[in-house]
Amino acid sequence: MTPEPFLGVTDRTPVRHHILSVLVENKAGVLARIAGLFARRGFNIYSLAVAPAEGNAQFSRVTIVVDAESAPLEQIVGQLDKLVNVVAIKDLAPRDALERELLLATLSVDNANRGDVLDVATNTGASIVDVNATSVTVMLAGTPGACDQLEKALEVFSGVELQRTGRVALPRLVQTATA
Amino acid sequence: MQLTGAQALIKSLEQEGVDTIFGLPGGAILPVYDPILDSSIRHILVRHEQGAGHMAEGYALATGKAGVAMVTSGPGATNIVTPIANAHMDSTPLVVITGQVATASIGSDAFQECDITGITMGITKHNFLIQSAHEIPRAVAAAFYLATTGRPGPVLIDLPKDISQSTMEWWYPESIEELDLPGYHPEIDIDQDAVARAVELISQSERPVLYVGGGTLKSRAHQDLLAFAERTKMPVVTTLMARGAFPDSHDQHLGMPGMHGMYSAVTAIQKSDLLISLGARFDDRVTGQVSSFAANAKIIHVDIDKAEFNKVRRADVALQTNVASALQALEAAKASPQNLDVWWKEIRTWQERYPLVYDEPTTEGPLRPQHVIEAIAKKAAPGTIVSAGVGQHQMWASQFWEFEEPGTWVNSGGAGTMGFGVPAAIGAKVGRPDRTVWCIDGDGCFQMTAQELVTARAEGIPIKVAILNNAYLGMVRQWQEMFYEERYSEVYLSADLPDYVKWAEAMGCVGLRATNLKEMHEVIDQANQINDVPVVIDFRTDSSEKVFPMVAAGASNDDILVHPLLRGGAQ
């Protein structure tokens, strides 16, 4: 499988962002410690996603997209690492990271534009996950850039209720040269 | 062995070798105060929780051990927030125990409830909200481990009342692994490549300066510093937090750098080609304008905390380790600079031309504050510990007292907490009862925490307090004089209100007053004779005295303003 090309920056993404994949102890207040640190040091969080870490109830993984314009990355990582509940920090430059995000959007539809919604979904790789007489919910799990594109494409529809998860990321796999 | 949570807490503190708790009881911490009656630990009953915190800090700064304070929930806890913030800024090891409302009441706005772990999140190294009595030994052991290792700092344990009343089977962690701190690794392998690069930079240097910060004292590196400095002949400056790390009487010591630093210390840094920062953090009070700070110097930055690297100033070599290990590594590698004769010649010229000076004292008064400090110092027993509040008197104490050994200077650096002096002196005296402890205080500072002298008298802690009473919030007055066209706004306090002698006497202390030179010498001698109760001296000082040298806030250190007596020639 060929890795997807790096989509580059989009108008929704800060110019210089970095992804920090932070392994933390799954204890009360840890998220507040991280959020509080960013707030008091003037570091900007662009997006944040938290979930239990791989197969271990003791730890959670926090994926933070940081605005590396707001403070030097070294300073952000250094201060974050001092939080006692932070176990490990992986710093991923966008070019080295496989980033994904999930977008859910519910749109008001009528007979006239129901087909247009389907077209947008088909063209962007989104799927229809819920429908009723007046609304359609579409979902896209994709690159942040693809989510940006879908969001833009949905602007023409009325009554859009849209939710994005913030991105999660893993390091890109190293490609070994083939003979 | 079944113990209550309260008993387990006290037993855990005993396990950690705690000999003193500074505290004040209240509802939520009440259960813990019962087993104190049966404990060998001395409890010192303060009159305000802020006093407990600063006493614990004074104890820690004088002994090098963690200070311990214990207070109740709600206002008891919020009253100790200032000392916690102060300890956080100055990396002072502190363990603070707060009572909390019962677990079931947390979040219900119960009586004397407050979210102290939330409040102190940003000003502690770490904090714990205890969830079960079984956790208490681990939390206490972890708190002491966190407070005293790596970059030291305050750790808070919040203990709900129902948990201190519940029971547990006694145990105590026997290893660091049992502390359950998977994200905390204070031991750092020294980077030998960085050491080699530091040695290389040193070998090229013709104008080095050892920029010694509080981390040097924290890692007990004063002997290593002395050995390294004497072999390499490098000039030494000690920051406000490092006074005592290198003897003031040593002829390689240029004194304190920074806003009110010695001319030679400030200028040597400015003209240096290599700055070796040893547990210092390039604080704004040292650097002044960062862009012109030691503009031509390479930087070797030694710190246990890697977040300090490149925070203010880019380091050419960043060496993450404690100062003692770094100096030992540099010594082992026989790191040596170029011949420093020319450099020293230049430094000696500055020292001769711009010594510390003040206006001639007058016989009839008012007294010169600098002269008072020198007179006390001259008559003080060797090894006397000095504490200070924050402001002019603090700067003069740092400038005019000669510090010869670690643990003799107890002050509030990063936070600049007025009122620190009296309670910190009490804590220092408790930690080092063999030493004389003088608090050099200002009249503004004294009024903030003076009630702790009641504690000192009641507990038999005979400190000596010198109030440099200039009837003003002196440092603010100085800024208004210099930078606000002498428009004095809300800085006048009055020399006679309160009557400090009567106030001292009301608190069970000896109260003395000196308005002229003769009285100044007399009261100092009198104070030195009194060793059973605290003494407070009201020294009437000249309110027009200003602290010099001075670098205006945000100005370049090149624009250092010396005392008017030294002006006239080119600087």
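On a predicted model such as this, the values are computed, not experimentally measured, just so you know.

Q: Hey, could you go over the overall build of chain A for me, with residue numbers and the actual values?
A: What chain A contains, in helices and strands, is 4 helices and 9 strands. Secondary structure of chain A in N-to-C order comes out as β-α-β-β-α-β-β-α-β-β-α-β-β. For chain A, the spread of C-alpha atoms along the three principal axes comes to 55 × 50 × 35 Å. Once local pairs closer than 6 in sequence are excluded, the contacts in chain A between residues at least 24 apart make up 73%.

Q: For the sheet that holds strand β4 (residues 86-92) of chain A, give the residues involved together with the corresponding values.
A: All names here are of chain A. A sheet is described by the order of its strands in space; here 4 strands give the open sequence β2-β3-β1-β4, paired in antiparallel fashion. Strands with a single pairing partner mark the edges of an open sheet, and in this sheet they are β2 (45-52) and β4. Between one strand and the next, the sheet's axes are offset by a mean angle of 15 degrees, whatever the strand orientation. Its contacts with the sheet place helix α2 (residues 73-81) against β1 (17-25), β3 (59-67) and β4, and it is angled at close to 165 degrees to β4.

Q: Requested: an account of the domain arrangement of chain B, with residues and values cited.
A: Residue and element names in this part refer to chain B. Under the domain assignment, chain B is made up of domain 1 (2-179), domain 2 (192-353) and domain 3 (369-540). Using only C-alpha atoms to locate each centre, domain 1 and domain 3 end up separated by 30 Å. The element best represented in the side of domain 1 that touches domain 3 is helix α3 (residues 49-63), accounting for 11 residues.

Q: How would you explain unusual backbone geometry if you had to name every residue and give the values?
A: Residue and element names in this part refer to chain B. In this model, Leu497 is joined to Pro498 through a cis peptide bond whose omega is 0 degrees. Checked against the element boundaries, Pro498 lands in the loop between α21 (474-483) and α22 (500-506). The step from Phe548 to Pro549 runs through a cis peptide bond, and the omega angle for that step is -5 degrees. You can see Pro549 is positioned in the segment after β20 (535-540). Despite not being glycine, Ala471 has its phi angle at roughly 65 degrees, a positive value. Note that Ala471 resides in the loop between β18 (464-469) and α21. With phi around 55 degrees, Glu490 is a residue other than glycine that occupies positive phi space. Tracing the backbone shows Glu490 in the loop between α21 and α22.

Q: Which residues make up the sheet that holds strand β10 (residues 236-238) of chain B, and what values do they have?
A: All names here are of chain B. Across the sheet, which stays open at both edges, the 6 strands sit in the order β11-β10-β9-β12-β13-β14 with parallel pairing between neighbours. Either end of the sheet is taken by a strand with one partner, and the two such strands are β11 (253-255) and β14 (317-320). Pairwise comparison of adjacent strand axes, ignoring direction, gives a mean angle of 20 degrees for this sheet. Where strand β9 (residues 208-212) and β10 come together, 3 bridges link them in parallel fashion. When the sheet's bridge partners are listed, Val212 is paired in β10 with Thr238.

Q: Give me the lowdown on the environment of Val65 of chain A, citing residues and values where you can.
A: Within the secondary structure, Val65 of chain A is located in strand β3. Each C-alpha atom, one on Val65 of chain A and one on Ser47 of chain A, is 5.1 Å from the other, the two residues being 18 residues apart in sequence.

Q: Could you give an account of the interface of chain B and chain A, with specific residues and numbers?
A: On the side of chain A, 16 residues touch chain B, which itself brings 13 residues to the contact. When its residues are assigned to classes, the side of chain B that touches chain A shows 6 nonpolar, 5 polar and 2 charged.

Q: Kindly report on the domain arrangement of chain A, identifying the contributing residues and their values.
A: Residue and element names in this part refer to chain A. What the domain assignment reports for chain A is domain 1 (17-97) and domain 2 (99-171). Just the C-alpha atoms count here: the centres of domain 1 and domain 2 sit 28 Å apart. The partner domain 2 presents 7 residues to the 10 residues of domain 1 that form the contact. Counting only elements with at least two residues in the side of domain 1 that touches domain 2, the list comes to β1, β2 and β3. The element that contributes the greatest number of residues to the side of domain 1 that touches domain 2 is β2, accounting for 3 residues. Per-class residue counts for the side of domain 1 that touches domain 2 are 6 nonpolar, 3 polar and 1 charged.

Q: I'd like a rundown of the packing of helix α11 (residues 222-232) of chain B against helix α14 (residues 323-332) of chain B, residues and numbers included.
A: All names here are of chain B. Packing of α11 against α14 leaves a shortest axis separation of 9 Å and a crossing angle of 30 degrees. Of the possible angle classes, the one that applies to α11 and α14 is roughly parallel. Viewed along their axes, α11 and α14 form a crossing whose handedness is left-handed. Contacts from Asp224, Leu225, Ala227 and Phe228 in α11 reach Ala324, Leu327, Gln328, Leu330 and Glu331 in α14. Residue classes in the contact of α11 with α14 are distributed as 6 nonpolar, 1 polar and 2 charged.

Q: Requested: an account of the pairing of β18 of chain B, with residues and values cited.
A: Residue and element names in this part refer to chain B. Burial of β18 is extensive: 6 of the 6 residues sit out of reach of the surface. Burial of the side chains of β18 extends over both faces: Lys464, Ala466 and Leu468 are buried on one face and Val465, Ile467 and Asn469 on the other. Taken together, the 5 bridges between strand β17 (residues 437-442) and β18 define a ladder with parallel strand orientation. Across the sheet, the residue bridging to Ile440 is Ala466, located in β18.

Q: Break down helix α7 (residues 136-148) of chain B for me, with residues and values.
A: Residues and elements named next belong to chain B. Helix length check: α7 (13 residues) gives 18 Å between terminal C-alpha atoms against 18 Å at 1.5 Å per residue, within 8%. Within α7, 11 of the 13 residues are buried, leaving the element largely enclosed by the surrounding structure. All of the buried residues along α7 are Ile136, Pro137, Ala139, Val140, Ala141, Ala142, Ala143, Phe144, Leu146, Ala147 and Thr148. The inward-facing, buried residues of α7 contact α1 (5-15), β5 (94-100), β6 (126-129), β7 (154-160) and β8 (167-169). Of the residues trailing α7, Gly150 is marked for its positive phi of about 55 degrees.

Q: Can you break down the nonpolar core residue by residue, with the values?
A: If you look at the biggest cluster of nonpolar residues, it comprises 200 residues, and the most contacted ones within it are Ala143, Val212, Ala466 and Ile537 of chain B. Of the residues forming this core, the biggest block, 9 residues, is contributed by α7 of chain B. Look past the residues within four positions of Ile537 of chain B in its chain and what remains in contact with it is Val465, Ala466, Ile467, Leu512, Ala514, Val523 and Ala527 of chain B. Ranked by size, the runner-up nonpolar core spans 14 residues in total, among them Leu103, Leu107, Val120 and Leu150 of chain A.

Q: With reference to specific residues and values, describe the packing of helix α16 (residues 369-379) of chain B against helix α17 (residues 392-400) of chain B.
A: The angle between the axes and the distance between the axes are what describe a pair of packed helices. Residue and element names in this part refer to chain B. Packing of α16 against α17 leaves a shortest axis separation of 9 Å and a crossing angle of 50 degrees. It follows from the interaxial angle that α16 and α17 lie oblique. Taken as a pair, α16 and α17 cross one another with a handedness that is right-handed. Where α16 approaches α17, its residues Pro369, Gln370, Ile373, Glu374 and Ala377 are matched on the opposing element by His393, Trp396, Ala397 and Phe400. Taken together, the residues of the contact of α16 with α17 sort by class into 6 nonpolar, 2 polar and 1 charged.

Calculation notes
Residues numbered from 1 in each chain as written. Chains lettered and ligands numbered in written order. Predicted model: local features only at pLDDT ≥ 70, side-chain atom pairs only at ≥ 80, totals over all residues. Helix = DSSP H or I, 4+ residues; strand = E, 2+ residues; numbered from the N terminus. Contact = placed C-beta atoms within 7 Å. Pairing = 2+ DSSP bridges. Axes fitted to C-alpha atoms, helices over the stretch in contact; angles between N-to-C directions. Domains from an automatic or database assignment. Nonpolar A, V, L, I, M, F, W, Y, C, P; charged D, E, K, R; others polar. Parallel < 35°, antiparallel > 145°, perpendicular 65-115°, else oblique. Left-handed = near helix turned anticlockwise from the far one by under 90°. Buried ≥ 20, exposed ≤ 12 C-beta atoms within 10 Å, placed from the backbone. Expected span 1.5 Å × (residues − 1). Core = buried A, V, L, I, M, F, W, Y, C linked by C-beta atoms within 7 Å.

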